[in-house]
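# Geometric and topological summary
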Amino acid sequence: MSAFRIPGKGRVCHDKPVRFTFDGKQYQGLEADTLASALLANGVHLVGRSFKYHRPRGIVSAGSEEPNALVGVSRGGGREEPNTRATLQEVYEGLTAISQNRWPCLHFDAGATADVLHRFLPAGFYYKTFMWPKRFWDRLYEPLIRRAAGLGVPPSEPDADHYASRYAHCDVLVVGAGPAGTAAALTAGRSGAQVILADEQAEIGGALLADDKVQIEDQTAADWLSAAQAELAALPNVRLLARTTAIGYYHQNMVGLAQRITDHLASPPADAPRERMWRVRAAQVVLAQGAIERPLVFHGNDRPGVMLAGAAQIYLNRYGVKPGKTVVVVTSHDSAWHTAFDLADAGTPIAAIIDTRPAIDPALTEAAAPRGIEALLSHTVTATSGRLRLRSIHVNAVTDGKVGGARLILCDTLLMSGGWTPSLHLFSHTQGKLAWDEASQSFLPDLKTEACHIAGGGRGLWGIENALQDGAKVGAEAAMAAGFNATAPALTTQNDRSGAGIIIAELPTDRGPQSTRSFVDLQNDVTSKDIRLAVHEGMHSIEHVKRYTTSGMATDQGKLANMNGLAIAAAAIGKPPPQVGLTTFRPPYTPTTFGTFAGYHQDDTFDITRKTPIDPWAADNGAVFEPVSLWRRAWYFPKPGEDMHAAVARECRATRNAVGIFDASTLGKIEVVGPDAVEFLNRLYTNPWTKLAPGRCRYGLLLGEDGYILDDGVIGRLSEDRFHVTTTTGGAARVLNMMEDYLQTEWPDLRVWLTSVTEQWATIALNGPNARKLLEPLVEGQDLSDEAFPHMSLADCTVAGFPARLFRVSFTGEMGFEVNVPARHGLALWQRLLGEGEAHDICPYGTETMHVLRAEKGFIVVGQDTDGTVTPGDANLGWAIGKRKPDFVGKRSLARPDLVDPNRKQLVGLLTDDPKVVLEEGAQLVDDPNRPIPMQMIGHVTSSYWSEALGRSIALALVEGGRMRMGETLYLPMASITHTAKVSRTVFYDPDGQRLSM
Amino acid sequence: MLLIHCPYCEATLPELEFTYAGEAHIARPADPSTMSDEQWRDFLFIRTNARGPHFERWRHAHGCGRFFNAVRDTVSDKFLLTYKAGEPKPESLPE
């Protein structure tokens, strides 16, 4: 048993020792210890180096507000986490933790030279120092800063854990299970309301876990709490969530709860998620987050051994750990006196209690005297010493505002308390208004925007009895607001050591302002001098002070720092704190792992991958895939030894010379049905539809009201009142949404019904001179001759015995058919066609070959050759506009002055002077490469490929006034070379379309 | 996450089921060809950008699929009212 552990004391299991290592050294803790309490029990205060100056730092708090004790925790095998708060991490057998931000070791850190140089690293130093010369930024300054600053090292392996998420509904959600939250949950739970009680600690109870003096309803706090825990656990309508932090309060009473499930276990079950995110929708929310103790700001207040007094009380009473051998307390609040008394009663010498106040409750000084504690009122601390652990402090009397001579007091622990700040983070997430309370010098909750109730310390109440009674009352109010009948129990206490205090921005000192290093934000290494400098340099808004100094911008969001920072800034600005204001707290309340947010969206379930019925064949046959919106599509099918270029060239040759087979199932398909279907399409698409006969199809072009191309596809008329509309793969949902919008809101009188049938059909395209020869013997019910079934026809028939909707269309310029069969037959038909096709030299091709073949014909791909600013005229699609139609979506815009400008960017072909050069898509075009930089760009390449059919490269480009530049040479300046190309028509291959019926 | 009342389903459901669809009560002109360039520009692009109650369209995309109208306070992000497409703009709003 170590010298700092009190046998039998606290809620730790003294008969269950646990071994763990910190920086490679083995220590012993007890079950129910946190890493922080176990280290303190071994006399270890020094746990890390600070962010900017690499100063030695110790454990300051006992909760999630901890700014210093951030450690790396590792289980190996992809299970490691940096910046874990030692005050929340429970010890388990074999726990491995390391200190951070130090090199080569914690006791000797080379980075501490930054501390010696602190005069040259003032607030905003990176704005001032690293501006010049500019080129030094990327190579020197940024890498240096990145290496020197920052906490912890990111894990090098993928996270091996998995995470869960869950939705829940309840009548009353209680956040925080201290006295107020516990009483609220009990009261609401007894009324029959569905209650969730969440607390970030391992055990519910809050302050009751660390007070062994107070009596509640004539029981000890521990006994009352045990009974309360048992009752809550037994109530079937109450869910208790320990180790669960409420990280964010969102609209309409949705609260995010991050639950830690396995981080405290020595051997977590393999199937257990590490953490779970709860999204709780509560009818009523009770916020019982309590209050967070404020540190005091004085020279050297960051040395290991300087700790919050309330934290020491928790370590003593909950964990049975004494913080040091000789303790001094410095405070402006009564609560720290009681910590001193508890420590003294447990056998820790208290050298002195220093109170900044000139007069206090005489009962406190009377209680100090018999314990042999020297009480120094109206005193201040002006300095501390000790390199890796506090050794002594300077104490000075303050008389009429004047600081007297210093007296040295030897001590290894200094407990501080600057009063208590109501924790209003979650309330702030709701945009609830805060009001400044002059008496307590703090912000309290004021106007609420949500159905929430604030209880106990969170609304400035102090003391166990106040918190219990307020919690019970608020719990009853919440239950009643949710429709239950609740009565608050009385909950009286004895020995409730309530008290009061004052707020003091910074302790008075005898040191000059330039030589004080009083830390306000311990995690980001911001001193009071930095804040005053920021104000001096013109930052008069608290938001500017925050960003300039980075105070409150660390991962603890200034839980300890913000109020002190505000008080110091307000004094420097010369305005009262409420006029300077508070920065906004934002979710998450505490650092939260990405895994918790991701939940099940990890690995295979990260996102949806849509697959066609033919996808398994492609996967089995070596397809290389590419994502197209949510789909994965076969990109090309390399044979052994082929690279992409060789595979695509072979697929192109086979399709032009024999027959290619292509999985087009991802095409969007919408059935438009009803007596007014043709009128609907007339109004929506640019083309005329009235005269399209059943059994025929036509290219359709869809614009936005702004006149720009939105989508395209072939539309077939199945019967007078039934159309099969195809869309681009990525545009299907968008087009259906647009159709629904017009139908529901602009033209509700039209009798039209829309059905998405994308996934009902598998679509197989056959293209090439052998396409008909392959298909003809398999088709029943339709003559495929040119006379009976010319280009742009469709028919219902059977193909290889499967019911089919057969189109004769071509996106390659070859004779083409698209066979739609019910999705369940898609794979069987594909395999049948491949088998029958062997005699016709069939070749499967992927999307890359599809793109090459369509580019050879100058067919556009919406979204590649268009970008949302391209009109039909720009894309040479003026022929697709029904000139005699009175109106269609986007028609009026086509007469906008800017859309009829002849110098608009128009789609043209480009033929490079060197036929072997395949241009980069996105490459910019200029008309004179000798112009001074920056050159005027006149367009860019939208599509570019090697054309196997032409034996040279081809490209499409959008070029200003492009159609007037036929034959003109344009230039493409690249990093190391300038390419030249001549403007051409967009149709490179078979311009007369003779191959469509070959 | 907001809760939104679908006036067709008559149910209050999570925001995840809905998609935003722009400002409400901007009817497509009956005959766009009679519109001046300025009038057409205003129809296409000029929006209220309200601070406070905003009349807007939503679609119950992952539910009944219907478009409807809503009044949302852009300061508090709270929904004040939802009503069916085609119904007139409400003259008074709930507090």
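Worth saying up front: this structure is predicted, and the values here are computed from it rather than measured.

Parameters at a glance
Note that residues are indexed from 1 along each chain, following the sequence as it is written. Chains and ligands are labelled by the order in which they are written, letters from A for the one and numbers from 1 for the other. Local features are withheld for residues below a pLDDT of 70 in this predicted model, meaning they are given only at 70 or higher, and side-chain atom pairs are given and counted only at 80 or more; totals for whole chains, interfaces and linings count all residues. A run of H or I in DSSP becomes a helix once it reaches four residues, and a run of E becomes a strand once it reaches two; helices and strands are each numbered from the N terminus. Residues are scored as being in contact if the C-beta atoms we place from backbone atoms lie within 7 Å. As a rule, residues whose C-beta atom has 12 or fewer other C-beta atoms within 10 Å are exposed, those with 20 or more are buried, and those in between are partly exposed; C-beta atoms are placed from the backbone. By convention here, the domain bounds are inherited from an automatic or database domain assignment. Amino acids are sorted into nonpolar (Ala, Val, Leu, Ile, Met, Phe, Trp, Tyr, Cys and Pro), charged (Asp, Glu, Lys and Arg) and polar (every other residue, Gly among them). Any two strands with at least two DSSP-identified bridges between them are counted as paired. Interaxial angles span 0 to 180 degrees and are taken between N-to-C directions of axes, which are lines fitted to C-alpha atoms, for helices over the stretch in contact. In what follows, roughly perpendicular refers to angles from 65 to 115 degrees, roughly parallel to angles under 35, roughly antiparallel to angles over 145, and oblique to any angle outside these ranges. Helix crossings are classified by the rotation of the near helix relative to the far one: an anticlockwise turn of less than a right angle makes the crossing left-handed, while a clockwise turn makes it right-handed. By definition, a nonpolar core groups buried Ala, Val, Leu, Ile, Met, Phe, Trp, Tyr and Cys residues that are joined through C-beta atoms within 7 Å.

For the rest of this paragraph, the subject is the overall build of chain B. Within chain B, the secondary structure is distributed over one helix and six strands. When the elements of chain B are put in sequence order from the N terminus, they spell out β-β-β-α-β-β-β. A principal-axis box enclosing the C-alpha atoms of chain B has dimensions of 40 × 30 × 25 Å. Nonlocal contacts in chain B, meaning residues at least 24 apart in sequence, comprise 47% of its contacts between residues at least 6 apart.

Turning to the overall build of chain A, a few remarks are in order. Counting its secondary structure elements, chain A contains 23 helices and 51 strands. Counting only C-alpha atoms, chain A reaches 115 × 70 × 55 Å along its principal axes. Every one of the 998 residues in chain A was classed for burial, and the buried ones make up 52%. Restricting the contact set of chain A to residue pairs at least 6 apart, pairs at least 24 apart contribute 67%.

Moving on, we get to the domain arrangement of chain A. Residue and element names in this part refer to chain A. According to the domain assignment, chain A contains domain 1 (1-160), domain 2 (164-291 + 422-494), domain 3 (295-418), domain 4 (513-591) and domain 5 (901-997). Once you take the C-alpha centre of each, domain 1 and domain 3 turn out to be 26 Å apart. Opposite the 22 residues of domain 1 that make contact, domain 3 presents 19 residues. For the side of domain 1 that touches domain 3, the elements supplying multiple residues, two or more each, are α1 (35-41) and β4 (56-58). For the side of domain 1 that touches domain 3, the per-class residue count stands at ten nonpolar, six polar and six charged.

Another point: unusual backbone geometry. Residues and elements named next belong to chain A. For the bond from P587 to P588, the omega torsion is -5°, close enough to zero to count as cis. When you line up the elements, P588 lands in the loop between α15 (577-580) and α16 (594-598). Cis geometry marks the peptide bond from I933 to P934; its omega dihedral reads 0°. You can see P934 is positioned in the loop between β47 (924-925) and β48 (939-947). Backbone geometry places Q431, a non-glycine residue, at a positive phi of 65°. Here Q431 is to be found in the loop between α10 (425-429) and β26 (434-437).

Let us look at the sheet that holds strand β5 (residues 70-74) of chain A. Residue and element names in this part refer to chain A. The five strands are arranged β2-β1-β7-β5-β6 in an open sheet whose pairing can be described as mixed. Edge positions in the sheet fall to β2 (25-31) and β6 (80-85), since each of these pairs with one other strand and no more. On average, each strand axis in the sheet is inclined to that of its neighbour by 35°, with strand direction left out of account. Here strand β1 (residues 13-22) runs beside β2; their pairing, made up of seven bridges, is antiparallel. Looking at β2, one finds that R19 is bridged to Q28.

Residue and element names in this part refer to chain A. By the criterion of burial, helix α19 (residues 677-684) is predominantly enclosed, with six of the eight residues buried. What α19 keeps buried is the set A677, V678, F680, L681, R683 and L684. Elements in contact with the buried residues of α19: β35 (668-673), β36 (697-703), β37 (709-719), β38 (722-727) and α20 (732-746).

Turning to the sheet that holds strand β40 (residues 761-767) of chain A, a few remarks are in order. Residue and element names in this part refer to chain A. Strand order in the open sheet formed by seven strands is β41-β42-β43-β44-β40-β34-β45, and the pairing between neighbours is mixed. Since the sheet does not close on itself, it has two edges, and those belong to β41 (779-780) and β45 (842-844), each with one partner. With two bridges connecting them, β41 and strand β42 (residues 793-799) associate as antiparallel partners. Each bridged residue has a counterpart across the sheet, and for V779 the counterpart in β42 is V799.

All names here are of chain A. It is the contact of helix α12 (residues 528-536) with helix α13 (residues 542-549), at a shortest axis distance of 9 Å, that shows an interaxial angle of 120°. In terms of orientation, α12 and α13 fall into the oblique class. Seen from above, α12 lies across α13 with right-handed handedness. Along its contact with α12, which presents D530, I531, A534 and V535, the element α13 presents V545, Y548 and T549. Residues belonging to the contact of α12 with α13 are distributed by class as follows: five nonpolar, one polar and one charged.

Residues and elements named next belong to chain A. Axis separation between helix α7 (residues 309-319) and helix α8 (residues 335-345) bottoms out at 9 Å; the angle between their running directions is 30°. α8 is crossed by α7, and the crossing has left-handed handedness. Facing A309, G310, A312, Q313, L316 and N317 of α7, the residues of α8 in contact are S335, A336, T339, D342 and L343. For the contact of α7 with α8, a count of residues per class yields five nonpolar, five polar and one charged.

On to the pairing of strand β9 (residues 195-198) of chain A, then. Residues and elements named next belong to chain A. Across the two faces of β9 the burial is the same, with V195 and L197 and I196 and A198 all buried. When strand β8 (residues 164-175) meets β9, the two strands line up parallel, connected through four bridges. Within the sheet, the bridge partner assigned to V174 lies in β9 and is L197. Note that β9 and strand β12 (residues 238-241) share four bridges and pair parallel.

Turning our eyes to something else, we now look at the nonpolar core. Residues and elements named next belong to chain A. In terms of nonpolar packing, the biggest core is built from 168 residues, with V172, V175, A184, L197, V286, V329 and I353 touching the most fellow members. In terms of residue count, helix α11 (residues 464-481) provides more of this core than any other element does, eight residues in total. Those residues in contact with L197 that sit more than four places away from it in its chain are V174, A177, G181, A185, I204, L232, V238, L240 and L241.

Quick look at the interface of chain B and chain A now. By convention, interface size is frequently given as the accessible area that disappears when the constituent parts associate. On the side of chain A, 18 residues touch chain B, which itself brings 18 residues to the contact. Ranked by residue count, the leading element in the side of chain B that touches chain A is helix α1 (residues 37-45) of chain B, at three residues. Per-class residue counts for the side of chain B that touches chain A are ten nonpolar, four polar and four charged.

Below, the discussion takes up α12 of chain A. Residues and elements named next belong to chain A. With seven of nine residues buried, α12 lies mostly within the body of the structure. Looking at the buried positions of α12, the neighbouring elements they touch are β30 (519-521), β31 (526-527), α13 and α14 (562-573). Where α12 terminates, the next one or two residues include G538, which has phi positive at roughly 105°.

Moving on to the environment of Q744 of chain A. Relative to the helices and strands, Q744 of chain A is located in helix α20. Judged by the 17 C-beta atoms lying within 10 Å of it, Q744 of chain A falls in the partly exposed class. If near-sequence neighbours (up to four positions away) are discounted, Q744 of chain A is found in contact with R66, F67 and A85 of chain B.

On to the environment of W337 of chain A, then. All names here are of chain A. In this fold, W337 is placed in helix α8. Spatially, the C-alpha atom of W337 lies 9.7 Å from that of A375, the residues being 38 residues apart in sequence. Residues contacting W337, with those up to four places away along its chain left out, are I353 and L364.

What follows is about the environment of T798 of chain A. All names here are of chain A. Looking at where T798 falls in the secondary structure, it is placed in strand β42. Expressed as a C-alpha distance, the spacing of T798 and L533, which sit 265 residues apart in the sequence, is 83 Å. Setting aside residues no more than four positions away along its own chain, T798 makes contact with E780, G781, P803 and A804.

Sheet topology note: the β5 of chain A/β6 of chain A ladder contains four bridges and is antiparallel. Paired with S74 of chain A across the two strands is E80 of chain A, which belongs to β6 of chain A.

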